[in-house]
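# Fold and contact review
The chain contents come next:
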Amino acid sequence: EAQAEAIREATAAMADRMAAEKSVLTDLDSAIGDADHGANMNRGFQAALERLEDADDDPATLVKTVGVALVSEVGGAAGPLYGGSLMKASGELEEGVTAESSVAFAERYLETVEERGKASVGDKTMVDAITPAVHTYKKSIEVDDCDPLEALGKAVDAAERGVAFTTPIRAKKGRASYLGWRSVGHQDPGATSTLYLLEELLEVAR
Ligand code: ADP
Ligand code: MG
Ligand code: MG
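Quantities reported herein were computed from a predicted structural model and do not represent experimental measurements.

## Brief notes about the side chain of Thr131
Inspection of the secondary structure puts Thr131 in helix α7 (residues 127-142). A relative accessible area of 8% means that Thr131 is categorised as buried. In this structure the side chain of Thr131 is engaged in a polar contact, spanning 2.8 Å, whose partner is the backbone oxygen of Val127. The contact partners of Thr131, leaving out residues within four places of it in the chain, are Leu110, Glu114 and Val121.

What follows is the structure, given as structure tokens:
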């Protein structure tokens, strides 16, 4: 099926990107965390690729499989947030991927990250990238009547601004919050990996 193939392709592109950015993400995490975000994400996406090899070809199952792999292999704070939220949001794709179901998926993903991490916008976490991306995606589709590809392009731009916003603010959640004011001036690793993954999704969707 075409949708299943696209999800496999997107996962492969994400895995390649995580491998390529491993040292970038680790450097960001070494400034305000414990220098493992690059290794964590790389390990998780390699595991996701392996698990997809014998997963059934339907969108919800494939996304759920990626989530399970990330929960079991990424570890740290990011593993359960990325993986658990994908597992939860995958339920919105049971009838296939449409403009409507993709909005529901995105909203459920954001909701779950917020719920599990207890973080909101401005805490200097991945939520700062996900929120503007999801809000922009939903608005572009539901209000502006954009097609999903155009909406995704706008969402990626919004995520990029969200990542930039993490630099000048103080961390209030996660390891970086232990640094207090010393976290100011550093870009958040998890917001950055979120942007990279969205960029790959857009690239494959094009
Ligand atoms: P750890 O901090 O356990 O080593 P990682 O380095 O893999 O885990 O991931 C760190 C990233 O996780 C942070 O940059 C941040 O974006 C995200 N993060 C940490 N805590 C939270 C939280 N409570 N809510 C949302 N995101 C969080
Ligand atoms: Mg870390
Ligand atoms: Mg860690």
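After presenting the structure, the write-up continues.
## Here we look at the confidence of the model for the protein
Confidence in the prediction for the protein averages 97 pLDDT; 100% of positions are at 70 or higher. If you check the scores for this complex, the pTM reads 0.98 and the ipTM reads 0.99.

## A few points about the coordination of the magnesium ion (ligand 3)
Within the protein, the atoms that donate to the magnesium ion (ligand 3) are Asp34 (OD) and Asp36 (OD), at distances of 2.1 to 2.2 Å. Between the magnesium ion (ligand 3) and the magnesium ion (ligand 2), a separation of 3.5 Å is found, and both are coordinated by Asp34. In this structure Asp36 comes out as partly exposed when scored by relative accessible area, which is 23%.

## Quick word on the pattern of salt bridges
Side chains that differ in charge, positive against negative, can pair when their charged atoms come close. Tallied over the full model, the rule gives 11 salt bridges. Here Arg17 and Glu21 are joined by a salt bridge, their closest N and O atoms 2.7 Å apart. The same class applies to Arg17 as to Glu21, namely buried. Ionic pairing is found between Glu107 and Lys138, a salt bridge with its closest N-O pair at 3.3 Å. A residue pair is termed long-range when its members are at least 10 positions apart, and Glu107 in helix α6 (residues 99-117) and Lys138 in helix α7 qualify at 31 residues. Classification of Glu107 as partly exposed rests on a relative accessible area of 30%. Classification of Lys138 by relative accessible area gives partly exposed; the value is 28%. Three or more residues are tied together by salt bridges with common partners; here these are Arg17, Glu21, Glu199 and Glu200.

## Topic: the packing of helix α2 (residues 22-32) against helix α9 (residues 189-205)
Where α2 meets α9, the axes come as close as 9 Å, and the angle between the chain directions of the two elements is 160°. Classified by the angle between their axes, α2 and α9 sit roughly antiparallel to one another. Two packed elements cross with a definite hand, and for α2 against α9 that hand is right-handed. Judged by residue contacts, Val24, Leu25, Leu28, Asp29 and Ile32 of α2 engage Pro189, Thr192, Ser193 and Tyr196 from α9. In the contact of α2 with α9, the residues fall into six nonpolar, two polar and one charged.

Reading the values: the criteria
- Residues numbered from 1 in each chain as written.
- Chains lettered and ligands numbered in written order.
- Predicted model: local features only at pLDDT ≥ 70, side-chain atom pairs only at ≥ 80, totals over all residues.
- Heavy atoms only, no water.
- Helix = DSSP H or I, 4+ residues; strand = E, 2+ residues; numbered from the N terminus.
- Buried < 20%, exposed > 50% of the residue type's maximum accessible area, 1.4 Å probe, protein only.
- Polar contact = N/O pair within 3.5 Å; in protein donor to acceptor, adjacent residues only side chain to side chain.
- Contact = heavy atoms within 4.5 Å.
- pLDDT = per-residue confidence, 0-100.
- Donors = N, O, S within 2.8 Å, 3.2 Å for Na, K, Ca; no water.
- Salt bridge = Lys/Arg side-chain N within 4 Å of Asp/Glu carboxyl O.
- Axes fitted to C-alpha atoms, helices over the stretch in contact; angles between N-to-C directions.
- Parallel < 35°, antiparallel > 145°, perpendicular 65-115°, else oblique.
- Left-handed = near helix turned anticlockwise from the far one by under 90°.
- Nonpolar A, V, L, I, M, F, W, Y, C, P; charged D, E, K, R; others polar.

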